[in-house]
Number of protein chains: 2
Amino acid sequence: MGSGPLAIGVDLGGTQLRAALIDRNGAVRNRKSVFTKAAGGPDVVLGQIEHLVGSVLQGVDGRDITGIGVSAPGPLDTRNGVALSIPTLAGFVDYPLAAALQKRLPFPVSLENDGISAAIGEWRFGAGRGFENVVYVTVSTGIGGGVIIDNRVLRGRLGMAGHIGHMILVPDGERCSCGNLGCFEAYASGSAFAARAMARAKHAATTLLGANGTAIDSPAVFSAARAGDALAQDLVGEEARILGTGFASLVHLFSPDVIVMGGGLSHEFDALYPAMSARLQECAMPAFKDVRIVRSELGENSGLVGAASLVHEKAENS
Amino acid sequence: MGSGPLAIGVDLGGTQLRAALIDRNGAVRNRKSVFTKAAGGPDVVLGQIEHLVGSVLQGVDGRDITGIGVSAPGPLDTRNGVALSIPTLAGFVDYPLAAALQKRLPFPVSLENDGISAAIGEWRFGAGRGFENVVYVTVSTGIGGGVIIDNRVLRGRLGMAGHIGHMILVPDGERCSCGNLGCFEAYASGSAFAARAMARAKHAATTLLGANGTAIDSPAVFSAARAGDALAQDLVGEEARILGTGFASLVHLFSPDVIVMGGGLSHEFDALYPAMSARLQECAMPAFKDVRIVRSELGENSGLVGAASLVHEKAENS
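As a further point, take the overall build of chain A. Broken down by element type, chain A carries 9 helices and 13 strands. The C-alpha radius of gyration of chain A comes to 20 Å, within 12% of the 20 Å expected for a compact globule of 318 residues. Summarising its shape, the C-alpha atoms of chain A cover approximately 65 × 45 × 40 Å along the three principal directions. When each of the 318 residues of chain A is scored for burial, the buried share is 58%. Carbon and sulfur atoms form 51% of the exposed surface of chain A, whose accessible area is close to 12,300 Å². Charge centroids of chain A, computed over 26 positive and 30 negative side chains, lie 3 Å from each other.

One pass over the full model with this rule turns up 9 aromatic pairs over all chains. Aromatic pair Phe92 of chain B and Tyr95 of chain B: ring centres 5.3 Å apart, planes at 70°, arrangement edge-to-face. Per residue, the accessibility class of Phe92 of chain B equals that of Tyr95 of chain B, and both read buried. For the ring pair Phe193 of chain B and Phe222 of chain B, a centre distance of 5.3 Å and an interplane angle of 40° mean the geometry is tilted. Here Phe222 of chain B lies in helix H6 (residues 218-226) and Phe193 of chain B lies in helix H5 (residues 190-203), a separation of 29 residues in the sequence. Note on accessibility: Phe193 of chain B and Phe222 of chain B belong to one class, buried. Its end group placed over the ring of Trp123 of chain A, Arg124 of chain A keeps NZ or CZ at 3.9 Å from the ring centre.

All names here are of chain B. For the structure on display, the rule yields 42 salt bridges over all chains. For the salt bridge of Glu238 with Arg200, the shortest nitrogen-to-oxygen distance reads 3.0 Å. With a gap of 38 residues between them, Glu238 in helix H7 (residues 230-254) and Arg200 in helix H5 connect regions that are remote in the sequence. Its relative accessible area of 26% is what places Glu238 among the partly exposed residues.

Turning our attention to the interface of chain B and chain A. The partner chain A presents 46 residues to the 46 residues of chain B that form the contact. In total, chain B and chain A occlude about 3,800 Å² of area from one another, counting both sides; carbon and sulfur atoms represent 56% of this. Summed over the three residues of chain B that lose the most area to chain A, namely Arg157, Ile168 and Leu253 of chain B, the buried surface amounts to 20% of that side. For Arg241 of chain B, the salt bridge is made with Asp172 of chain A, and the minimal N-O distance between the two is 3.2 Å. Taken together, the connections running from chain B to chain A amount to 28 residue pairs in polar contact (both at pLDDT 80 or more).

Time to look at the environment of Ser266 of chain A. Residues and elements named next belong to chain A. Positionally, Ser266 belongs in the loop between strand E12 (258-262) and helix H8 (269-283). A relative accessible area of 7% places Ser266 in the buried class. In the structure, Ser266 is positioned 179 residues away from Pro87 in sequence and 23 Å away in space, judged by C-alpha atoms. Sequence-distant contacts of Ser266, that is, excluding residues within four places in its chain, are made with Met261 and Arg295.

The subject of this paragraph is unusual backbone geometry. Cis rather than trans, the peptide bond between Gly74 of chain A and Pro75 of chain A has omega equal to -5°. Within the secondary structure, Pro75 of chain A sits in the loop between strand E4 (65-72) and strand E5 (76-77). Positioned with a positive phi, Asp172 of chain A is a non-glycine residue whose angle comes to about 60°. Structurally, the position occupied by Asp172 of chain A is in the loop between strand E11 (152-153) and helix H4 (184-188). On the accessibility criterion, Asp172 of chain A (42% relative accessible area) is partly exposed. A positive phi angle is found at Asn30 of chain B, which is not glycine, with a value near 55°. Relative to the helices and strands, Asn30 of chain B is located in strand E3 (residues 28-35). Residue classification places Asn30 of chain B among the partly exposed positions, given a relative accessible area of 29%.

A few words now on the environment of Asn30 of chain A. Residues and elements named next belong to chain A. As a C-alpha pair, Asn30 and Ala19 span 11 residues in sequence and 8.0 Å in three-dimensional space. Discounting chain neighbours no more than four positions away, the residues touching Asn30 are Ala19, Ala20, Leu21, Val56, Gln58 and Val60. Reaching out from Asn30, the side chain makes a polar contact with the backbone oxygen of Val56 at a distance of 2.8 Å.

With that out of the way, let us pick up the relation of the copies chain B and chain A. Structural alignment of chain B on chain A gives an RMSD of 0.1 Å, achieved by rotating through 180° and translating 0.0 Å along the axis. What the rotation and shift describe, once combined, is the action of a two-fold rotation axis.

Once that is clear, we can look at the packing of H6 of chain B against H7 of chain B. Residues and elements named next belong to chain B. Between H6 and H7, whose axes approach to 7 Å, the crossing angle comes to 120°. Considered as vectors, H6 and H7 are oriented oblique to each other. The crossing of H6 and H7 is left-handed. Listed contacts from H7 to Val221, Phe222, Ala224 and Ala225 of H6 are Ala232, Gln233, Leu235 and Val236.

Calculation notes
Residues numbered from 1 in each chain as written. Chains lettered and ligands numbered in written order. Predicted model: local features only at pLDDT ≥ 70, side-chain atom pairs only at ≥ 80, totals over all residues. Heavy atoms only, no water. Helix = DSSP H or I, 4+ residues; strand = E, 2+ residues; numbered from the N terminus. Rg over C-alpha atoms; globule rule 2.2 N^0.38 Å. Buried < 20%, exposed > 50% of the residue type's maximum accessible area, 1.4 Å probe, protein only. Areas by Shrake-Rupley, 256 points an atom, 1.4 Å probe, with all protein chains shown as cover. Lys, Arg positive; Asp, Glu negative; His and termini not counted. Charge placed at Lys NZ, Arg CZ, Asp CG, Glu CD. Phe/Tyr/Trp six-rings, centres within 6.5 Å; stacked < 30°, edge-to-face > 60°. Lys NZ or Arg CZ within 6 Å of the ring centre and 35° of its normal. Salt bridge = Lys/Arg side-chain N within 4 Å of Asp/Glu carboxyl O. Contact = heavy atoms within 4.5 Å. Buried area = accessible area lost by both parts, 1.4 Å probe. Polar contact = N/O pair within 3.5 Å; in protein donor to acceptor, adjacent residues only side chain to side chain. Least-squares fit on C-alpha atoms with pLDDT ≥ 70 in both. Axes fitted to C-alpha atoms, helices over the stretch in contact; angles between N-to-C directions. Parallel < 35°, antiparallel > 145°, perpendicular 65-115°, else oblique. Left-handed = near helix turned anticlockwise from the far one by under 90°.

As structure tokens, then:
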């Protein structure tokens, strides 16, 4: 990384808190992470951010820093910098996150939803590079995302566009973490996938899943599928098919050039791709059949990089 | 309507072909309509458009006309002015609609998807006036729509964003006119509503529906519901609930300020509203619960007015 202006990217997650310096080309330097003290409340978490930013800045000339871009889980009212209610972080309810952070940090603070931040990162510097229309979907514990259409980031009312996990896939279906029934997240997230695996393994005559008391989580299912376990292969195929179904809806609604898949389950992109892509092909109307699904390129850094790129854009336009 | 520049709005539908003069305030003059010769093929239909535009222009000074905005059913590649395959109009497959029309008409031709045109009409001059984020949904024979987010019309790849009817509501559910299974259109359109009514009436012990051999269509069901028919009331409630479910997905994906409902079923907006709105409330995450559903204000003119307003915008920006 050469000289030139740097932005600090911060990714506040329910499990991990990450920070790094990001240059205008999206390159990442001094990346640090800690476990989020998610139960500690806003003061504790903001103290962690302040500390982490300090450690990322060691040995850096503060005059090179143009600002801090913070990616945080929603729903956030990003127009006013307010966390409306973050399910994974205690006490972040109607909390003025941007203003409270600004008091602690000597650089201008920007706040963006995590799904939108990651979408921007992938669009600017990752798998969505060069496309005008990108739908980014992160499939992990939950499902989130962000959307770029006509070369513009969709924000919508209160900056809350792109709550992709809460599109309804099965009316009155499984209970979702949001309280509603039948959301895409309640069927296609890593948690839903693992829950299906646990439920089916109980009733399966022969399966490697849960053998000798091993835990049944997403990696275990993919691993068993690779080892030839029939139940695990069925589960992977079903997960891929559910993802492809949801993606077909997104393709018809947004008309992207490409769907970028990130999050924990994207580590198994190759295992999911054949059935996921076949299902999208099957459900897409003819004019939409050539939309491709690709894997995130920035992985864990997409949110950091995206939030920081907003800071660079602001600096360049001011 | 005073003087000032005028645009010709044309709404090419599978049943009706409409044209009118539209001023910069969205006021409609000289509106004419004919039945579309939908089976006749492109030459016949383009001849109809040419003739209708001629009759709309009678007594008008051609120098006042800035252009012609055409709203047509999709999928259209509006970037290139090509009709990809219009299910309701014979022969419009990979047909260069904009270029062919331009040969017949002495004013600049703009082409836009009907759902997007109507969305623009409602946003500029109708029920979406003054909002930055509007999702327009037309519920008729099929379901279509268009989306304005952050004060910009979403177009997406090939201008095909907003195919709202083909969001999947019930995976592997009822067959849709698009060939896919389980689309929103296959459950919530006027046709789907009437089909459910016909199927249920056959097995109902006592109902006004179909009594004495009367036809069972959407108006008949609403009318029977108003007369106290229990089956008809159930059907209306179910239709409202399906619409509310789909709208909840749209609210989470786009974060609009308002959902504007148009199309044939919006004539019965008051009958649908209570259950439709309650269902949206039930399914929306807390931060999205105050999004309202409102009825289209421009009705049949929304597409005409929207397509014409694009012509005015182009003229003002050139």
